[in-house]
Amino acid sequence: MKTQVCIIGGGPSGLMLSQLLDLKGIDTIVLERQSREYVLGRIRAGVLEHGFADLMREAQCGARMDMEGEIHEGFFIAHDGEMTRVDLHKHSGGNSVMVYGQTELTRDLYEARDKMNSKVIHNVEDVKLHNVKSDESPYVSYRAGDEIIRIDCDYIIGADGFHGVSRKTIPGDVLREYEKVYPFGWLGVLSRTKPVSPELIYAKHERGFALCSLRSQVLSRYYIQVPLTDTVEDWSDEDFWAELKRRLPDEVAERLETGPSIEKSIAPLRSFVAEPMRYGNLFLAGDAAHIVPPTGARGLNSAASDIYYLYHAMVDHYLNNDDQGLDVYSQKALARVWKAQRFSWWMTNMLHRYPDSIDYDQRLQQIEMEYLFSSDAAMASLAENYTGLPF
Ligand code: RFL
Ligand code: PHB
């Protein structure tokens, strides 16, 4: 087979880039290790910044998001039994975020790809990248049953998530990895219950962090901070609801509607950046190159800026004979990636209970929050980061 851009990974990053390029007449093939059902079964992000929502619209995939997604102009921080509202709209000069699940967004992207008869190939095994940096043209190979298939291309996009093969193709003496692993994870539950609050609640509590989020007015998503040693089997639904209630202000806990979990999983919290994001004809995008703890809702949104830069760079290359965008991709993408890293790290530090924290650390956490609530400048910084820095 032959294509212009071979994209490894059929998650939101890969699908979005494929859709945008196809609309400009640039040919792509997407290779995905899992089945479509598996990809759509992952419950992940829920909050999209406005730049991401705009990209969905540009990809002609925004109709259902605009109908069913919810615009949120603020969220709450619960602390010391109280709730303080962060007015994103006011503090960001009129911006907001879109609450729309990654599952739905991925479904919309798949449907759009189907409509354009695109080549998204599932269940591929043993994906390998060849001639990534060589005088010969690059190609990607994969196994389908007993057969090895070869795809010749101009460029390879590594959009295959944190555990993918693309990043690992970059030699160790070129790739620099920065990583921070947090001493806790998030236990998440999805339930068919009415959300406890119309806006998200981030709760700081001495027993640990909790988050009340939602997917719609009948579908709730809740998280609690748990030790890394915990497993999903350690947490019955009853135990989960009881612990969540303990971490919320009384008046919120009292109106929390509980029910059976439809999905329950634990995600470890990690910060990670790989540099550079380009190696020869390989470009990394999304979780393949960087991970943030979910506290600031930046993960998918950081992927979106990579896709935005790559999309425009590829269009300039193919339609305008201009390689400047490709040449500066890594530098430009990383500049924004690191800002999202800083924000996610800051928000994680402010709201979580660290097992080894001393009294001094805890006082500082408290002061950080008091300062935030007392300062328009601090609120503006939170709001501009949460609603999304410009691409
Ligand atoms: P994905 O979604 O991991 O997709 C990569 C795809 O590549 C496939 N793959 C391969 N395919 C072929 N060959 C191989 N060798 C392959 N290896 C892997 C995988 O099967 C997969 O389908 O990466 P992508 O597209 O870059 O998207 C990134 C987002 O998924 C991620 O950043 C967000 O989910 C992070 N995140 C959040 N982001 C936000 O912006 N807002 C949020 O509110 C938010 N909440 C979250 C989150 C992530 C969470 N978890 C579980 C880590 C909440 C949670 C709990
Ligand atoms: C979610 O709804 O899954 C969600 C929302 C906000 C976050 C993280 C996850 O910061």
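What counts as what
Residues numbered from 1 in each chain as written. Chains lettered and ligands numbered in written order. Predicted model: local features only at pLDDT ≥ 70, side-chain atom pairs only at ≥ 80, totals over all residues. Heavy atoms only, no water. Near = heavy atom within 4 Å. Polar contact = N/O pair within 3.5 Å; in protein donor to acceptor, adjacent residues only side chain to side chain. Areas by Shrake-Rupley, 256 points an atom, 1.4 Å probe, with all protein chains shown as cover. Helix = DSSP H or I, 4+ residues; strand = E, 2+ residues; numbered from the N terminus. Phe/Tyr/Trp six-rings, centres within 6.5 Å; stacked < 30°, edge-to-face > 60°. Buried < 20%, exposed > 50% of the residue type's maximum accessible area, 1.4 Å probe, protein only. Lys NZ or Arg CZ within 6 Å of the ring centre and 35° of its normal. Pairing = 2+ DSSP bridges. Axes fitted to C-alpha atoms, helices over the stretch in contact; angles between N-to-C directions.

A. Representation of the site of ligand 2 within the structure. Around ligand 2, a shell composed of 14 residues is seen, among which Tyr202, Ser213, Arg215, Tyr223 and Pro294 lie nearest. Contact distances for ligand 2 include 3.2 Å between an oxygen atom and a backbone N or O atom of Arg44. In this structure, an oxygen atom belonging to ligand 2 sits 2.6 Å away from a side-chain N or O atom of Ser213. When isolated, ligand 2 has an accessible area of 280 Å², and the protein chains bury 96% of it. If one sorts the elements of the shell around ligand 2 by residue count, strand S15 (residues 210-216) sits on top with three residues.

B. Geometry of the packing of aromatic side chains. Tallied over the full model, the rule gives 18 aromatic pairs. Each ring, one from Tyr202 and one from Tyr386, has its centre 6.2 Å from the other, and the planes form 85°; the classification is edge-to-face. A residue pair is termed long-range when its members are at least 10 positions apart, and Tyr202 in strand S14 (residues 201-203) and Tyr386 in helix H13 (residues 376-386) qualify at 184 residues. Comparing Tyr202 with Tyr386, the two get one shared label, buried. Through successive ring pairs, a cluster of aromatic residues spans Phe75, Trp186, Tyr202, Phe209, Tyr223 and Tyr386. Of note, Arg150 hangs over the ring of Tyr139, and the distance from its end group to the ring centre comes to 3.6 Å. Directly above the ring of Tyr386 sits Arg298, whose terminal nitrogen or CZ lies 5.9 Å from the centroid.

C. Examining the sheet that holds strand S11 (residues 147-152) more closely. Sheet architecture is open: three strands sit in the order S9-S10-S11, paired in antiparallel fashion. Looking at which strands have only one partner, the edges of the open sheet turn out to be strand S9 (125-130) and S11. Here the strands of the sheet are splayed against their neighbours by 20° on average, with no regard to which way each runs. Pairing of strand S10 (residues 139-144) with S11 involves six bridges; the strand directions are antiparallel. Bridge assignment links Ala144 to a residue of S11, and that residue is Glu147.

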